[in-house]
Amino acid sequence: MLRMIIIFAILLPLYSDKIILTKAEREFIDSHYIKCETTTTWQPFNTTKDGKLSGIAIDYWNIIKKQLHIKSYCTPVNSWSQVLYDIKNKKADISLCTADTPDKRKYAVFTKPYVKYPIVIATKNNVGFISDITLLKDKKIAVGKNYTSAQILKENYPNFHIIEAENIDEALKLLCQDKVYAVIDILPVIAYKINRYEFSSLKISGKTPWNFNVKFMIRNDYGLLVSSINKAIDNITEDEKVRIYSKWIKIKQKGLYSTNDVFIILFAFAIIVFLILFYVGYLRKEIRKRKVLESQLERLATFDKLTNIFNRYKMDLALEEQIEIAKRYNRDLSIIFFDIDHFKLINDDYGHKVGDIVLKELTKLVEKSIRKSDIFGRWGGEEFLIILPETTKEEAILLAEKLRKNIENHKFKKIKILTCSFGVTDYKKDDTFETIITRVDKKLYVAKKSGRNRVKYE
Ligand code: GH3
Ligand code: MG
Ligand code: MG
């Protein structure tokens, strides 16, 4: 008894794996070459990949053909209406994925469903959730012509505004172009399509109350084929169903971005980088220009245009600063103020241009005789100021005398002889800018009054 149970347990899986056909069913299959017809645009159910038919329905059909040893050839056709016509007229024997509806039952028979999916509503991305299909009653809805979803919709809501496109792709194109408000079809088909680049503006917005039972449709005089296939469907394991499902759902989700998306993202990125670089280049140029302008302005504000030594503005600031240093740190500070003698006559005799040349020549001559730390500038007209930091009055008088002699002895280009009168003073306690300048100016006046070409000091 135990031995019998063991033998039975070993044989049971073999038996359950084997499909037991009736004699009539076996003879029917053996004596017929089954002509199958399918469309190729109802992805992921039927499509072509590398020139070969493929898809969920094709995978199921291949399993069933193998299990039942069916001899068959599958012909792809352009439209679903063509499939229906050929089954009706017995030019084709079987079609792989449809639902049975009363009108088709007039000329076809159906197997049991091999998979079931909900029928869903697709819209543009900006449409909210559609909780009830009756919300679509005043809207245009596109469906594939003669598709099962179309028939179910027409039967249940004959007053809906239904537009039948040649296939699901055409229906979705109408949706993209805003020619319809919604498209209705089976979930995996819609989900598969809207993941493609050209339909990326679409989404699934709601569910209809109906499920789609996917079945084989067979010409109505081939009842023996139906019963055989039903046995094979029962024999398909859950593992196999999961394998087929995940194979096609994987494709549906393949990559976050299509090649087109990647290209567009890279292109946009390149443009942004180019614009940033262009802008940075532009800014750099502007900064360079501004720096040149600023340095030009600074020069204008600091230097005298004719003689290229400090101007009055800069000399004012420098003297204020040096008085402050002398006061705070008790340092020596002296100034020399000098003026060209009878310069008016030079202009009158030789002209203004020669006068300008003389001013420049005199400046060069004085610059040669003073220290780097001395601050030399044009006070105005033919008057000059030299600020001498860390210098006593005695040292300043010596320098003024040296300058006076140098000028007197210098052979100026056109005019040959030129002299200057000098006032000298030093910083005294409680001196301000005004008091020190007034004192030195008075000394210069004294030098002029007492015959010019001399140095006076206090
Ligand atoms: P004094 O010895 O009393 O100083 O006689 P001066 O002729 O030098 O003095 P005055 O103030 O009478 O005349 C100054 C002259 O300096 C008048 C003006 O035309 C000339 N001058 C002032 N600035 C410039 C300049 O930039 N270029 C030229 N060529 N002449 C100038
Ligand atoms: Mg003068
Ligand atoms: Mg003068």
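Structural notes, computed from the coordinates. Throughout this document, residue positions are counted from 1 along each chain, in the order its sequence is written. Starting at A for chains and at 1 for ligands, labels are handed out in the order in which the entities are written. Local features are withheld for residues below a pLDDT of 70 in this predicted model, meaning they are given only at 70 or higher, and side-chain atom pairs are given and counted only at 80 or more; totals for whole chains, interfaces and linings count all residues. Where side-chain values are given, they derive from all heavy atoms of the structure, hydrogens and water being excluded.

1. Details of the overall build of the protein chain
Tallying secondary structure elements over the protein chain gives 16 helices and 16 strands in all. Only C-alpha atoms enter the radius of gyration; for comparison, a globular chain is expected to reach 2.2 Å times N to the power 0.38, where N is the number of residues. For 458 residues, the compact-globule estimate of 2.2 N^0.38 gives 23 Å, and the C-alpha radius of gyration of the protein chain, at 53 Å, exceeds that figure by more than 25%. Its C-alpha atoms give the protein chain principal-axis dimensions of roughly 150 × 65 × 40 Å. When the 458 residues of the protein chain are sorted by exposure, 45% land in the buried category. Restricting to contacts in the protein chain with at least 6 residues of sequence separation, those with at least 24 account for 72%. Counted as positive: Lys and Arg. Counted as negative: Asp and Glu, with His and the chain ends omitted from the count. A single reference atom marks each charge: NZ on Lys, CZ on Arg, CG on Asp, CD on Glu. Both charge centroids of the protein chain, one from 78 positive and one from 57 negative side chains, sit 5 Å from each other. Put simply, DSSP marks the helices as runs of H or I at least four residues long and the strands as runs of E at least two long, and each gets a number from the N terminus on. Partly exposed describes any residue whose relative accessible area lies between the buried limit of under 20% and the exposed limit of over 50%, with all areas from a 1.4 Å probe on protein chains only and scaled to the type maximum. Two residues qualify as a contact provided that any one of their heavy atoms is within 4.5 Å of a heavy atom in the partner residue.

2. With respect to the coordination of the magnesium ion (ligand 2)
Only N, O and S atoms count as donors, using a 2.8 Å limit from the metal and a wider 3.2 Å limit for Na, K and Ca, and since water is excluded some coordination spheres may look unfilled. The protein atoms that coordinate the magnesium ion (ligand 2) are Asp339 (OD) and Glu382 (OE), at distances spanning 2.2 to 2.5 Å. Between the magnesium ion (ligand 2) and the magnesium ion (ligand 3) the interatomic distance amounts to 3.6 Å, and Asp339 serves as a bridging ligand to the pair. With Asp339 in strand 12 (residues 333-340) and Glu382 in the loop between strand 13 (375-380) and strand 14 (383-389), the pair connects residues that are 43 residues apart, well separated along the chain. Since its relative accessible area comes to 7%, Asp339 is described here as buried.

3. Observations concerning the pattern of salt bridges
For salt bridges, the criterion is a side-chain nitrogen of Lys or Arg within 4 Å of an Asp or Glu carboxyl oxygen. Here the structure, examined in full by the defined rule, presents 29 salt bridges. In this structure, the salt-bridge partner of Asp100 is Arg105, at a minimum N-O distance of 3.7 Å. For Asp100, a relative accessible area of 26% translates into the label partly exposed. We note a salt bridge from Arg328 to Glu324, for which the minimum N-O separation is 3.6 Å. Taken together, the positions of Arg328 and Glu324, both in helix 12 (residues 312-329) and four residues apart, correspond to about one turn of that helix. Classification of Arg328 by relative accessible area gives exposed; the value is 57%.

4. Notes on the state of the cysteines
By disulfide we mean two sulfur atoms from cysteines, separated by a distance within 2.5 Å. In total, this model carries one disulfide according to the counting rule given. With its sulfur 2.3 Å from that of its partner, Cys36 forms a disulfide with Cys74. Of this pair, Cys36 sits in strand 1 (residues 33-38) while Cys74 sits in strand 4 (residues 71-76), and the two are 38 residues apart along the sequence. On the basis of relative accessibility, which here comes to 15%, the residue Cys74 falls in the buried class. Not part of a disulfide, Cys97 finds its nearest cysteine sulfur in Cys36, a span of 9.1 Å.

5. Re the sheet that holds strand 16 (residues 455-457)
Read across the open sheet, the five strands follow the order 13-14-12-15-16; overall the sheet is mixed. Both edges of this open sheet fall to strand 13 and strand 16, since each of them pairs with a single strand only. Each strand axis lies, on average, 20 degrees off the axis of its neighbour in the sheet, ignoring direction. Alignment of strand 12 against strand 15 (residues 420-426), held across seven bridges, turns out to be antiparallel. Only when DSSP finds a minimum of two bridges between them are two strands counted as paired. Axis lines are fitted to C-alpha atoms, over the contacting stretch for helices. Their N-to-C directions set the angle, which ranges from 0 to 180 degrees.

6. As for the nonpolar core
The nonpolar core is taken to be a set of buried Ala, Val, Leu, Ile, Met, Phe, Trp, Tyr and Cys residues, with the residues joined through side-chain atoms within 4.5 Å. Formed by 82 residues in total, the largest nonpolar core has its most connected members in Phe45, Trp61, Val183, Phe216 and Ile229. When residues of this core are assigned to their parent elements, the largest contribution, eight residues, is made by helix 3 (residues 56-68). The domain limits used here are those given by an automatic or database domain assignment. Taken together, domain 1 (16-113 + 215-248) and domain 2 (116-212) each give at least three residues to this core, which thus spans both. Those residues within four positions of Trp61 in sequence are excluded, and the remaining contacts are Ile34, Cys36, Ile70, Ser72, Ile94, Leu96, Phe216 and Ile229. Counting 30 residues, the second-largest nonpolar core is a separate cluster that includes Leu359, Val366, Ile397 and Leu403.

7. What to know about the packing of aromatic side chains
Only Phe, Tyr and Trp rings are paired, with Trp represented by its six-membered ring, and only when their centres lie within 6.5 Å; those with planes under 30 degrees apart are stacked, over 60 edge-to-face, the remainder tilted. Counted by the stated rule, this structure contains 20 aromatic pairs. Ring centres of Phe338 and Phe384 lie 5.2 Å apart, and the angle between their planes is 20 degrees; this geometry places the pair in the stacked category. Of this pair, Phe338 sits in strand 12 while Phe384 is found in strand 14, placing the two residues 46 residues apart along the sequence. Considered together, Phe338 and Phe384 belong to a single accessibility category, that of buried residues. Ring geometry for Phe338 versus Phe422: centroids 5.1 Å apart, planes at 25 degrees, classification stacked. Of the two residues, Phe338 sits in strand 12 while Phe422 sits in strand 15, which places them 84 residues apart along the sequence.

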